[in-house]
Structure formats: C-alpha cells, structure tokens
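# Structure at a glance
This is what each chain is made of:
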Amino acid sequence: MDAFDQVALLLCLPDIGHSLGAGLTAMGFVITAQSIGRVVGNTTWGWLSDSYGRKITFMLGVMWFAAFSGLTAVTWTYVGMIAVQFLFGIGFGGEWTASAALLMESVPRRSRSLASAIMMSGYECGFLAAAAIQPFVLPHWGWRGMFVIGVLPAVLAVFIRRGVPESPVWLKTRSEARKASQSVPRPRLTLNGAAVQAFVFMAVLQFQNAAMYSFYPTVLREVQKLSPGAIFPLIAAYCAGSLAGKPLCGLLAARIGERPVFIGYFLITVLDIWPFVAGKGADILIPAALVMGLFGNAIFALVPHYLAQRFPSSSRSLGMGCSYALAALGQGIAGFLVPWLGGSFGLPLAISSSVILGTIASAVVVFYRPSFLPGAHMEGEEA
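The structure contained in this document is the topic of the report that follows. Just so it is clear, the model here is predicted, and its values are computed rather than measured. (Residues numbered from 1 in each chain as written. Predicted model: local features only at pLDDT ≥ 70, side-chain atom pairs only at ≥ 80, totals over all residues. Heavy atoms only, no water.)

### Overview of the side chain of Thr-57
Note the cut-off: In this text, helices come from DSSP runs of H or I with a minimum length of four residues, and strands from runs of E with a minimum of two, each type numbered from the N-terminal end. Nitrogen and oxygen atoms within 3.5 Å of one another constitute a polar contact, given that in protein one can donate a hydrogen and the other can accept it, and given that sequence-neighbouring residues count only through two side-chain atoms.
Topologically, Thr-57 is positioned in helix H4 (residues 54–72). Only 2.8 Å separates the side chain of Thr-57 from the backbone oxygen of Gly-53, close enough to count as a polar contact.

The structure is reproduced here in structure tokens:
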C-alpha cells in the first residue's frame, strides 16, 4: 500500500504537472522533496524503533504516510505539493525502516533471504494495483482520485496493533541491557566497514533503481505516446517479472550466496535497459519490461537481509534507516538528474546512462568484503 501511494505520484506526474503549471524538471523536484523527507523519516524513526520498539513505530509510520497521501489530493499549488510530498516521505521512510527490522528479527535465520524477498515483492503488488486502477480513475476523477484511495493503508494500523507481535530480538536485547546496567542505552551507530558498505551500497543502488523506474511511466506516455490504458500491459509485465523474480532471487541467494546473484542480475540489467526504455513496439517493450522486472528490479529482494547483517541488534533499525536515508538521497539525485539530462539528450538516453552508471557503482561496492558482519547472528540463535 505504501508502494501504491508512491507509484500514484509517478504514474500521474504529467497530469499533476499540467494541473499545477509545472514542467517535468520541476516535477522532478517533487520526487526529490519526497526523497529528502524519507531521509528524515529513515533516520529519525530508525532511532525511535530501536528505542521504543519496532511495532509502534511501524504502526505510526503507516498512519502518517496514509494521511499525507490523502492531503496530496487536496493540494492546489506547486509549493504545496513539494511540502506535502516531503511530509509523505517522512512517514514512508519511517514505516519501511521499522517493518524491515521487525521482519528480519522475527523469522528464523535460514528463512531471512526468502522473507526479505517476499516483503519487497509487496512493492510490485502496489505498483500493479496503481497501474490497473489509473485507467478507470484518471478519466473520471483525475489524478486527485488516485491519492484519495491512498488513504486506505491507515486501516492496516488496526491489524498491526492487534495482530503483529513485537520483535523477539528487540525484546531480548532490551531485557539484557536493563539487567546489565539498570537502564537501556540509546542506540548509537559504529562506523565500521560493514556499516559504511551498507550506506554507500544503498545510495548507489537506489540511484540506479530510481533512474530505472521513476520516469518509466513518463517515457511510455510522453515518448512512446501511449495512453494510460495502453501502458498497463507494460507495467503488468514489469510487475509480473518482479513478483516472480524476487522470491527466486531470495532462493538463489540462500543457495549460492548474495554476491554471485548481485553480479549476475546487474549484468542482465545493463543489457536490458535500452530495449526497456527505447524499444519500438509491444514485441520488444513487453519482453524487455518482463526481464527488467525479473532481474533489474528483483535484486531489491535482498536489501532487508543485506542491511540487517551489517548492524548489531542494539542499533539495527537506526543503521538500516540511515542506509535507506542515503538511498533516498540517491533517489533524489536521480529525480533531478534524469529529467535534466533528458532535456538535452532525451529521456531514454538519460535513463539508460544513469542506470548503467548506478549499476557499475553498485557492483564495485558489492565486491568489498567486510572483516566482520555484526548482524550475521542475532540474539537467541546459534552461531
């Protein structure tokens, strides 16, 4: 559902721009504002999650981003849109940070790669839902109707409150800290090699991923000249590939290790990016979208598990939050750079060159091996 709200912005970007009198580059700043909000949300709410619990932070994050999705629907100025999307980003970042830590600490070690993949597959469900609904909503209620629907995730807060238990690792860590010192120390980050790798990796990987998908709907509508209804098969192919690819990615990583999976998926992404954005005709665009979902986007399946291993339990959510904060900065840079380059060289070339640059940078970071992974073994499990 958070993906639905975020993707609604991407799908409606040309419509919002026309309504508010803003060009594509100006609307890119709206994406950047949301990314800056995610920086605030990831870091602040990560600290809150380590201090007060994963569950309560998760629940509040869901309510926050749902509220500001609804407020997007009643925003009438460009400056107001920047402000509302900045605030939406705060909730979006906080919700992800708490939920990812909660999941990684609540499943057995042998299941974490697959659980990570299943969690990240939710994004494609939201992407697909937004793409399927927009041909029906846009002609009748306009882009504002999409964001009214985005209020629905607030209902999930009731389920989280009643049906989601607190992280057993967080509870054990907090109990042990109290026994040792009669007080719980505030979470603090240690900048070792594993932490720095997580920070840099997320910045370059999210830059690559944002360059890949943020302006994909705009390319289909403005460059390929497709109607909102005609782009649905392409979005569906991309999402279907991701939905199949992410669990497969998690299973492969569990069997052969994360690094070979990363490198193989990166290579296929580089080979597929030009047909994905510049192919002519459905016979090229649909298979390219399927492959990009299956490999290019599916690599994000490994992100929660990858990050969780690089921080100790006492500051895991803060560390993952800071990593995703830098990811949000990477997305913000892509949100500005791609349309800026597109003004001179065209969007397809701007997207392709940015994705290739981000992919190469991500591969370089993956090759580094930290001497120690603080979160490889969590409290209560055998080494």
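### Considerations on the side chain of Glu-258
What counts is decided by this rule: Exposure is judged per residue with a 1.4 Å probe applied to protein chains only, and the accessible area is read against the type maximum: over 50% gives exposed, under 20% gives buried, and values in between give partly exposed. The charge count treats Lys and Arg as positive and Asp and Glu as negative. His and the chain ends do not count. What counts as a salt bridge is simple: a side-chain nitrogen of Lys or Arg found within 4 Å of a carboxyl oxygen of Asp or Glu. Contact criterion: two residues are considered in contact whenever any of their non-hydrogen atoms come within 4.5 Å of each other.
Within the fold, Glu-258 resides in helix H12 (residues 258–278). Buried charge without a salt bridge: Glu-258, with Arg-310 as the nearest opposite-charge side chain at an N-O distance of 4.6 Å. Within the structure, the side chain of Glu-258 is placed 3.4 Å from the side chain of Gln-309, a separation counted as a polar contact. Apart from the residues within four sequence positions on either side, Glu-258 is in contact with Ala-253, Leu-302, His-305, Tyr-306 and Gln-309.

### Focus on the nonpolar core
Generally speaking, soluble globular proteins have nonpolar side chains that are buried together. Let me state the cut-off plainly: For the purposes of this section, nonpolar cores are sets of buried Ala, Val, Leu, Ile, Met, Phe, Trp, Tyr and Cys residues that join through side-chain atoms within 4.5 Å.
Counting 56 residues, the largest nonpolar core has Ile-16, Met-146, Phe-147, Ile-235, Tyr-238, Phe-276 and Ile-351 as its most contacted members. The greatest single-element share of this core, amounting to 9 residues, is contributed by helix H6 (residues 112–149). Apart from residues no more than four positions distant in its own chain, Phe-147 is found in contact with Asp-5, Ala-8, Leu-9, Ile-16, Ser-69, Gly-70, Thr-72 and Ala-73. Judged by nonpolar contacts, the second largest core, of 41 residues, contains Ala-101, Ala-253, Phe-266 and Cys-322.

### Observations concerning helix H9 (residues 193–213)
In plain terms, the rule: Helix span is expected to be 1.5 Å times the residue number reduced by one.
Given a rise of 1.5 Å per residue, 21 residues ought to cover 30 Å, and the 30 Å separating the end C-alpha atoms of H9 matches this to within 8%. Of all 21 residues in H9, 17 are buried, a share of seventy percent or more.

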